[in-house]
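Structural features, examined
One-letter residues, chain by chain:
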Amino acid sequence: MTHQKVLILDFGGQYNQLIARRVREQGVFCDLKSSDMTLEEIKAYNPIGIIFTGGPSSVYAEGSPLIDKGVFSLGVPVLGLCYGCQLTAHLLGGTVGHTDTSEYGKTEVVYEKSPLTKDIPEKAVCWMSHTDSVKALPAGFKKLAHTDNCPYAAFGDEARKIYGVQFHPEVNHTQYGTQLLHNFLYEVCGAAGDWTMSNFVANQIKALKEKIGDRKVLCAMSGGVDSAVAATLIHKAVGDNLTCVFVDHGLLRKYEADEVMSVFKDGLKMNLIKVDAGAVFLKKLKGKSDPEKKRKIIGKQFIRTFEKEAKKIGKVDFLVQGTIYPDVIESGKDKSAVIKSHHNVGGLPSVVNFEEIIEPLRDLFKDEVRKVGFELGLPKSVVMRQPFPGPGLAIRIMGAVTEEKLETLRDSDYILREEIAKAGLDEQIWQYFTVITNSKTVGVQGDFRTYENVIAIRAVTSLDAMTADWARIPDSVLEAISNRIVNEVKHANRIVYDITSKPPATIEWE
Ligand code: XMP
């Protein structure tokens, strides 16, 4: 790759991935690496700048993560944030001590003029979270900001291009935090802003062409964003040497399977094989109502179906995985490939005869994957698709799955999606879908008594699906959804709204 790189050394803070995303958003590539990198490894990485993250430790405590002091003599600009700023002061001869009053939350900060604080007003709000702070600066450093409780909220040595910031510029609560990071990257490190998704696409296509040549690649398409974008990139690079297999397990949402075919086979002319396995999956699921059993059956059947298809194709050189950067970071090993654990890819390497795994998106955050998708001309419905569980609609039907319930679920879910889009809420809500509860209630339609399914609406806001809150959808939108479902969908006569957060509930019902 030809782009410049910033190295973010991870000291264990909670906002570290966010720092990396903020740097990328400024058009500068960066990697988040463990702080135990050696000086030699840092040199070999060849960064244009280094950022030390925050972390829970105290620089004086035994066993706290440190760094080779030589890092300050490489001639590479350094920005220490929170713990990273205390570490910088500590290693260069300043004093760090316990603060009598811990500072948490929004605090007013007063800035002084410097390359780091360019275009930031004298007074602004920042986000503090610390109990230690810098009491005396190392030689050569000057104060660049202070708060009521923190005399050195920011400091720097302009000649050596070493800076420390006690607060968190990466969080939204810090006004001008993005500007501060921008200043470090562009005013201090001299960044060129060469990390753009159009550059990524061009470079990646070139690199994939060179790597793959005229060898054969196999990709399992799920309809999800990652596999769709990965396949499209590879297709642009090697055309028909890529074969995609799309197992339609009959548990996708309304029109989704058709859309995959129309976008990728008819539109992009991909060599895409669709396996219609809905009937087999339904047969295997018949009468099974235990959630874990349902998941296992689907996972197993998926692998079996794929294996059968892979056998027909024979040996391939590469198997595509839609691994993205958070998977790489979270695995704790940034060197080796991670096999995603969910069923659509988890078991595949064991049933495909291949030489090597290829992961074209392993450097990208999710928002970057979506940008690449748009760059490649994929439609919004594919690029902005909500997260969707591998076992599909089967885990949104409580109890046993039947064709009739699938139809009711698909139709009600489709109406929900239409109304959410009409209300302009589709990009604010993380996931929204309907669920068929395992209960029926009495209703009245026309002059007739009905006894039909209770449909639940599940809609949540979230940043990463680890925690979630129920979405506050306006009453008028809920009313429209409810009216339309009970009037237009067969076998549904009552709508309820799930108002539970995660935890204690999960996003999916099973
Ligand atoms: P829960 O229900 O655990 O879901 O709060 C968290 C996120 O994961 C999705 N999910 C899955 N994704 N395979 C997947 O690929 C699965 O088996 C699976 N189960 C849950 C869920 O939709 C939510 O985004």
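If you're wondering where the values come from, they're calculated on a predicted model, not measured in any experiment. (Residues numbered from 1 in each chain as written. Predicted model: local features only at pLDDT ≥ 70, side-chain atom pairs only at ≥ 80, totals over all residues. Heavy atoms only, no water.)

**Some thoughts on the overall build of the protein**
Rules: Only runs of H or I of at least four residues qualify as helices and only runs of E of at least two qualify as strands under DSSP, and these elements are numbered from the N terminus. We call two residues in contact whenever any of their non-hydrogen atoms come within 4.5 Å of each other. The protein chains shown are the only cover counted for residues, whose accessible areas, like all others here, come from Shrake-Rupley with a 1.4 Å probe. Positive charges come from Lys and Arg alone, negative charges from Asp and Glu alone, with His and the N- and C-terminal ends not counted. One atom stands in for each charge, and that atom is NZ of Lys, CZ of Arg, CG of Asp or CD of Glu.
Looking only at helices and strands, the protein features 15 helices and 18 strands. Expressed as lengths along the three principal axes of its C-alpha atoms, the size of the protein is roughly 85 × 60 × 40 Å. Sequence-distant contacts, at least 24 apart, represent 73% of the contacts inside the protein between residues at least 6 apart. Total accessible area on the protein is roughly 22500 Å²; 50% of this is exposed by carbon and sulfur atoms. Of the charged side chains in the protein, 63 are positive and 65 negative; the average position of the first set lies 5 Å away from that of the second.

**Looking at the packing of aromatic side chains**
Rule in force here: Side-chain rings of Phe, Tyr and Trp, where Trp is taken by its six-membered ring, are said to pair if the distance between their centres is within 6.5 Å; with planes under 30 degrees apart they count as stacked, over 60 as edge-to-face, and otherwise as tilted. Exposed residues in this analysis have more than 50% of their type's maximum accessible area, buried residues have under 20%, and partly exposed residues fall in between, with area computed by a 1.4 Å probe over protein chains only. Charges are assigned to positions over rings by a cutoff of 6 Å between ring centre and Lys NZ or Arg CZ, combined with an angular limit of 35 degrees from the ring normal.
Taken as a whole, this structure holds eleven aromatic pairs when the rule is applied. Centre to centre, the rings of Phe-141 and Phe-155 are 5.9 Å apart; their planes meet at 70 degrees, and the pair counts as edge-to-face. One end of the pair, Phe-141, is in the loop between β6 (123-136) and β7 (142-146); the other, Phe-155, is in strand β8 (residues 154-157), and 14 residues separate them in sequence. Measuring from ring centre to ring centre gives 6.4 Å for Phe-302 and Phe-306, while their planes differ by 20 degrees; the resulting arrangement is stacked. Taken together, the positions of Phe-302 and Phe-306, both in helix α9 (residues 291-313) and four residues apart, correspond to about one turn of that helix. A relative accessible area of 1% places Phe-306 in the buried class. Grouping aromatic residues by their ring pairs yields a cluster made of Phe-11, Phe-52, Phe-72 and Tyr-83. Sitting over the ring of Tyr-45, Lys-5 keeps its end group 4.2 Å from the ring centre. Above the ring of Tyr-414, the side-chain terminus of Lys-254 is found at 5.8 Å from the ring centroid.

**Describing the site of the ligand**
Heads up, the rule is: Near, as used in this document, describes a residue that has one of its heavy atoms within 4 Å of the molecule or strand being considered. Here a polar contact is recorded for every N or O atom pair within 3.5 Å, except that within protein the pair must consist of a potential hydrogen donor and a potential acceptor, and residues adjacent in sequence are included only if both atoms are side-chain atoms. Think of it as three bins: nonpolar holds Ala, Val, Leu, Ile, Met, Phe, Trp, Tyr, Cys and Pro, charged holds Asp, Glu, Lys and Arg, and polar takes everything else, Gly as well.
Residues in contact with the ligand amount to twelve residues; listed here are only the nearest, Arg-295, Gln-431, Lys-502, Ile-507 and Glu-508. At 2.7 Å from an oxygen atom of the ligand is found a side-chain nitrogen or oxygen belonging to Arg-295. In this structure, Lys-502 approaches the ligand through a side-chain N or O atom, which is 2.7 Å from an oxygen atom. Bound to the protein, the ligand loses 77% of the 500 Å² it would expose on its own. Of the residues belonging to the shell around the ligand, the class tally is five nonpolar, four polar and three charged.

**Description of unusual backbone geometry**
Keep in mind that most residues, glycine aside, have a negative phi and that most peptide bonds are trans. Of the consecutive residues Lys-502 and Pro-503, the connecting peptide bond is found in the cis state with omega at -15 degrees. Tracing the backbone through its elements, the reader meets Pro-503 in the segment after β18 (492-497). Between Pro-503 and the following residue, Pro-504, the backbone shows a cis peptide bond with an omega angle of 10 degrees. Of note, Pro-504 is situated in the segment after β18. Despite not being glycine, Cys-82 has its phi angle at roughly 50 degrees, a positive value. The exposure class of Cys-82 is buried, given its relative accessible area of 7%.

**A look at the sheet that holds strand β10 (residues 217-221)**
Think of a sheet as strands paired side by side through backbone hydrogen bonds, with each pair either parallel or antiparallel. Operational definition: A pair of strands is considered paired only if DSSP assigns at least 2 bridges between the two. Convention adopted: a line fitted to C-alpha atoms gives each axis, helices being fitted over their contacting stretch, and angles between N-to-C directions are expressed from 0 to 180 degrees.
The five strands lie next to each other as β12-β11-β10-β13-β14, forming an open sheet whose pairing is parallel. Edge positions in the sheet fall to β12 (271-276) and β14 (354-358), since each has one partner strand and no second. Looking at each pair of strands side by side, their axes are set apart by 25 degrees on average, direction ignored. As defined by bridge partners, β10 adjoins strand β11 (residues 242-248) across five bridges and the pair is classed as parallel. The residue of β11 that forms the bridge with Val-217 is Leu-242. Most of the contacts of helix α5 (residues 197-212) go to β14, to which it runs at about 170 degrees, and overall it touches β10, β13 (316-320) and β14. Strands β10, β11 and β12 of the sheet are contacted by helix α7 (residues 256-267), whose axis makes an angle of about 165 degrees with β12.

**With respect to a positive patch on the surface**
Stated formally: Patches in this entry comprise residues that are over 30% relatively accessible and not in a salt bridge; like charges within 9 Å are linked, as are nonpolar side chains (Val, Leu, Ile, Met, Phe, Trp, Tyr) within 5 Å. By definition, a salt bridge exists where a carboxyl oxygen of Asp or Glu is found within 4 Å of a side-chain nitrogen of Lys or Arg.
The grouping of Lys-283, Lys-284, Lys-300 and Arg-304 at the surface amounts to a positive patch. Residue position: Arg-304 is located in helix α9.

**A closer look at the pattern of salt bridges**
One pass over the full model with this rule turns up 29 salt bridges. Taking the shortest distance from any N to any O, the salt bridge between Glu-187 and Lys-118 comes out at 3.4 Å. Here the residue Glu-187 occupies a position in helix α4 (residues 177-188), and Lys-118 occupies one in the loop between β5 (95-111) and β6, the gap between them amounting to 69 residues. Classification of Glu-187 by relative accessible area gives partly exposed; the value is 38%. Of the charged contacts in the structure, one is a salt bridge between Arg-458 and Asp-498, with a shortest N-O distance of 3.3 Å. Linking Arg-458 in strand β16 (residues 448-461) with Asp-498 in the segment after β18, this pair joins segments that are 40 residues apart in sequence. What makes Arg-458 buried here is its relative accessible area of 0%. For Asp-498, a relative accessible area of 9% puts it in the buried group. Shared partners join several salt bridges into a network, and the residues in it are Glu-418, Glu-419, Lys-422, Arg-484 and Glu-488.

**Regarding α5**
For clarity, the threshold we go by: What a helix is expected to span follows from its residue count: subtract one and scale by 1.5 Å. Note that the arc is defined by the directions from the helix axis to the C-beta atoms.
The end-to-end C-alpha distance of α5 is 21 Å, a good match for the 22 Å that 16 residues give at a rise of 1.5 Å each. Listing the buried residues of α5 in full gives Met-197, Phe-200, Val-201, Gln-204, Ile-205, Leu-208 and Ile-212. For α5, the angular spread of buried residues about the axis comes to 125 degrees, placing them on one side. Exposed and oriented more than 90 degrees from the buried face of α5 are Lys-206 and Glu-210. The inward-facing, buried residues of α5 abut β10, α6 (225-238), β13, β14 and α12 (366-375). Just beyond α5, the residue with positive phi is Gly-213, at close to 60 degrees.

**What to know about the packing of α5 against α12**
This is how it is decided: Angular relationships are summarised with four words: roughly parallel below 35 degrees, roughly antiparallel beyond 145, roughly perpendicular across 65 to 115, and oblique for the angles in between.
Packing of α5 against α12 brings their axes to within 9 Å, and their N-to-C directions diverge by 75 degrees. Here α5 is positioned roughly perpendicular relative to α12, judged by the angle of their axes. When α5 is examined against α12, the residues Met-197, Ser-198, Phe-200 and Val-201 are found in contact with a partner set consisting of Glu-368, Lys-371, Val-372 and Glu-375. Residues of the contact of α5 with α12, tallied by class, amount to four nonpolar, one polar and three charged.

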